[in-house]
Every structure is written in structure tokens, then in C-alpha cells.
Amino acid sequence: MEVRKIGVVGAGQMGSGIAQVAAQAGYEVVLVDVAEGPLAKGMERIRSSLARLLEKGRLSQEEHDQTLGRIQRSLLLEDLKEADLVVEAILEDEGAKRELFTRLGALTRPEAILASNTSSIPITALARASGRPERFIGMHFFNPVPVMRLVEVIRGQLTSDETRDAVVEVARRMGKEPVEVQDYPGFVSNRLLMPMINEAVQALMEGVATKEAIDQVMRLGMNHPMGPLELADFIGLDTCLAIMEVLHRGLGEDKYRPSPLLRRMVQAGLLGRKTGRGFYVYDEKGNKVG
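Quantities reported herein were computed from a predicted structural model and do not represent experimental measurements.

A.B. asks: Please provide a residue-by-residue account of the packing of helix H4 (residues 94-107) against helix H5 (residues 123-130), values included.
C.D. replies: Helix-helix packing: each pair is described by the crossing angle between the helix axes and the interaxial distance. Two elements in contact, H4 and H5, have axes whose closest approach is 7 Å; the angle formed by their N-to-C orientations is 40°. The element H4 and its partner H5 pack so that their crossing is right-handed. Mapping the contact onto sequence places Glu 94, Lys 97, Arg 98, Phe 101, Thr 102 and Gly 105 in H4 and Ala 125, Leu 126, Ala 129 and Ser 130 in H5. Residues of the contact of H4 with H5, tallied by class, amount to 4 nonpolar, 3 polar and 3 charged.

Structure, rendered in C-alpha cells:
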């Protein structure tokens, strides 16, 4: 199956990034969100990203204009009826995703592929809700999408070879490196990453070291570009908690139990960069100031 038109549901950080790289790759894109505010913010994020590429000489003016011209914005899921591939990038909530895929399964063409950008929720469960498990797959991009090359490709129990091959081709055309992994909680990336972040939070709670010291140890000792607590702020503490809960519930081991401090910070609304405060404090542009 040849993919020409891609729908993206969710205009947040991930969804807008996916829409951008799809449009840069030459695909016609429909970017959908439930409200004008998030949709406008997502488009502004795309424009800013493309402007930086233009300024750095990595994109010509013609490529810049053509990319923006390929993106249609919409508040209606019905505008995805003609899409060949629809990528979901909404909040990390299984109930919300199931409901969305039930609707998408009913309104998109039978041959269209449905994909989830979930970072941890079982693909097989979401595929069942779609009513087309053979044409359902996980397509887990990484933040920031225009920069990060990896895409985890996750087959559900009934995902067809044809679906996998089509999505791998799309990812490569976007300039990404698709890596196929199996449908287990957290897949590979978050099964390894999130317990590390959770342990860093636990170490902070127990007073093993300050947040600065914990991050510095991982940056300098392990050559990580960002310490685990700063990375948690970048990802969003609510997302980290949601993934840890999926791991704990799905694998049933205490080593995946979310740190009480992580849970408490989410309850307090201290979610990281997107709220201006998490383990660190951020200005309105997302720069760390304390």
C-alpha cells in the first residue's frame, strides 16, 4: 500500500512534530485537535521549527513554503476520511485512546492504517478497539520529533506484514530509523528509561543527593546529554507517572512501582517545563532558571 496522505490527531509537542516531519517528507498532512487553541499553538510550533531550519540553511525558502502548504489544520475527525495513515498523538491515557480509535476505525477507509504514538500502552489492546487489528500498529516517535531519529515500530498480535512494511517505509521517508520491537509494557525505550528516572526521583526523595548532583553524575559519569530529573521535566512528570503505572500494572513487579515523590509532584501540578515548574523552574520559553 502506498501512503500519500497522513492524518495526525493531537497538535501537542509530539503531534505537531510528527505533522512537520511528514509534511517535510512530501506527504499531505491533516493535523486535527479538539480545540482551536491547541491547534493554533501546534501550528506556531511547526512554523518556529521550520523558521529555525531556514535560518540555519538546512531548508530552502521553497521547501519551507511547500512544507507549510502541505499541512491542513482541522477540528473535525471527519476530515481524516481520505487519509492512508492516521497517527494518534493524544494524552497517554488508555481509555481516551481506545475511544478515539473506535471512532477512527468507523470513519476512515477500511484499507487505511491506524497507528498510535503511545510510549507504553499495549498496542494489541488499542488495535482491538479500532476494529481493524491487522491494519493497526505502534509508531513511537521521540521528542523533539524533528531532531530525534528513532521510531519504535510495535506490532500488535494481529498486525500484518503489509502494515509493518508500509509504516517502516513511511518512517524512513521521514528520515527516521525504524526499529521493530515487541508489544510488551513500555516496549524497549521506556522499559529501560523510566525505571532509571523513577530511581533518580526515589534517590532525591531519600536524600541520597541533591537534584543537581544526581543529574551531574549521570551527565558526567554516563555521558548523558541531560540528567534524569531534568529529562523528567522535559518529558512531563505526568507522562512519566503514567508510563510507570503501565509498567507496574503490566509487569506486576515492585521494581516498577512509581516513587511516592513522583506521584506527589503530579498531584501538585508540578509537571515540568510545560507548567513552568517540576524538579527545576522554567521561564515562559522553557529555559531552566532555577
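Right, picking up where we left off after that structure.
A.B. asks: Provide a residue-level description of the nonpolar core, including the pertinent values.
C.D. replies: Counting 38 residues, the largest nonpolar core has Ile 6, Leu 31, Leu 85, Met 139, Phe 141, Val 170 and Met 174 as its most contacted members. Sort the elements by how many residues they give to this core and helix H1 (residues 13-24) lands first, with 6 residues. Counting 25 residues, the second-largest nonpolar core is a separate cluster that includes Val 201, Leu 237, Ile 243 and Leu 247.

A.B. asks: How would you explain the packing of helix H9 (residues 228-235) against helix H10 (residues 237-251) if you had to name every residue and give the values?
C.D. replies: In the contact formed by H9 and H10, the axes pass within 6 Å of each other and the chain directions differ by 100°. Accordingly, the angle class assigned to the pair H9 and H10 is roughly perpendicular. Contacts between H9 and H10 pair Ala 232, Asp 233 and Ile 235 from the former with Leu 237, Thr 239 and Cys 240 from the latter.

A.B. asks: Mind laying out the environment of Leu 158, listing which residues take part and the relevant values?
C.D. replies: Here Leu 158 lies in the loop between strand E7 (150-155) and helix H6 (161-173). Taking the C-alpha atoms as reference points, Leu 158 and Ile 137, separated by 21 residues in sequence, lie 9.3 Å from one another. The contacts of Leu 158, once residues within four sequence positions are left out, are Pro 133 and Glu 134.

A.B. asks: Give a description of the UniProt feature "binding site: CoA" (unreviewed entry) in the protein that names residues and reports values.
C.D. replies: Mapped onto the present numbering, the UniProt feature "binding site: CoA" (unreviewed entry) falls at Ser 49, Lys 56 and Ser 119. Spanning 71 residues, the named residues are also spread out in space, since their farthest C-alpha pair is 31.0 Å apart. In this structure, Ser 49 sits in helix H2 (residues 36-55). Exposure remark for Ser 49: the relative accessible area of 10% places this residue in the buried category. Residues in contact with Ser 49, not counting those within four places in the same chain, are Gln 20 and Pro 146. Secondary-structure assignment places Ser 119 in the loop between strand E5 (113-116) and H5.

A.B. asks: Outline the UniProt feature "site: Important for catalytic activity" (unreviewed entry) in the protein, supporting the account with residue identities and numerical values.
C.D. replies: The positions that UniProt labels "site: Important for catalytic activity" (unreviewed entry) are, in the present scheme, His 140. If we ignore the near neighbours within four places in the chain, the residues touching His 140 are Ser 116, Asn 117, Thr 118, Ser 119, Leu 150, Val 151, Glu 152, Ile 154, Phe 187, Ser 189 and Asn 190. A polar side-chain atom of His 140 sits 2.8 Å from a polar atom in the side chain of Glu 152.

A.B. asks: Please provide a residue-by-residue account of the packing of aromatic side chains, values included.
C.D. replies: Here the structure, examined in full by the defined rule, presents 1 aromatic pair. Residues Phe 101 and Phe 136 carry aromatic rings whose centres are separated by 4.7 Å and whose planes lie at 75° to one another, so their mutual orientation is edge-to-face. Within this pair, whereas Phe 101 is found in helix H4, its partner Phe 136 is found in strand E6 (residues 136-141), the two being separated by 35 residues in sequence. You'll find Phe 101 and Phe 136 in the same group, each marked buried. One cation-aromatic arrangement involves Arg 173 over Tyr 27; the distance from NZ or CZ to the ring centre is 3.9 Å.

A.B. asks: Report on unusual backbone geometry, specifying residues and quantitative values.
C.D. replies: Between Asn 143 and Pro 144 the backbone carries a cis peptide bond, its omega angle lying at 0°. Within the secondary structure, Pro 144 sits in the loop between E6 and E7. Non-glycine residue Phe 187 carries a positive phi angle of around 55°. Assignment of secondary structure puts Phe 187 in the loop between strand E8 (177-181) and helix H7 (189-205). The phi dihedral of Asn 223 is positive, around 60°, even though this residue is not glycine. Considering the arrangement of structural elements, one finds Asn 223 in the loop between helix H8 (211-222) and H9.

Each value, and the rule that gives it
Residues numbered from 1 in each chain as written. Predicted model: local features only at pLDDT ≥ 70, side-chain atom pairs only at ≥ 80, totals over all residues. Heavy atoms only, no water. Axes fitted to C-alpha atoms, helices over the stretch in contact; angles between N-to-C directions. Helix = DSSP H or I, 4+ residues; strand = E, 2+ residues; numbered from the N terminus. Left-handed = near helix turned anticlockwise from the far one by under 90°. Contact = heavy atoms within 4.5 Å. Nonpolar A, V, L, I, M, F, W, Y, C, P; charged D, E, K, R; others polar. Core = buried A, V, L, I, M, F, W, Y, C linked by side-chain atoms within 4.5 Å. Buried < 20%, exposed > 50% of the residue type's maximum accessible area, 1.4 Å probe, protein only. Parallel < 35°, antiparallel > 145°, perpendicular 65-115°, else oblique. UniProt positions renumbered as here; feature names shortened; annotations may be inferred. Polar contact = N/O pair within 3.5 Å; in protein donor to acceptor, adjacent residues only side chain to side chain. Phe/Tyr/Trp six-rings, centres within 6.5 Å; stacked < 30°, edge-to-face > 60°. Lys NZ or Arg CZ within 6 Å of the ring centre and 35° of its normal.

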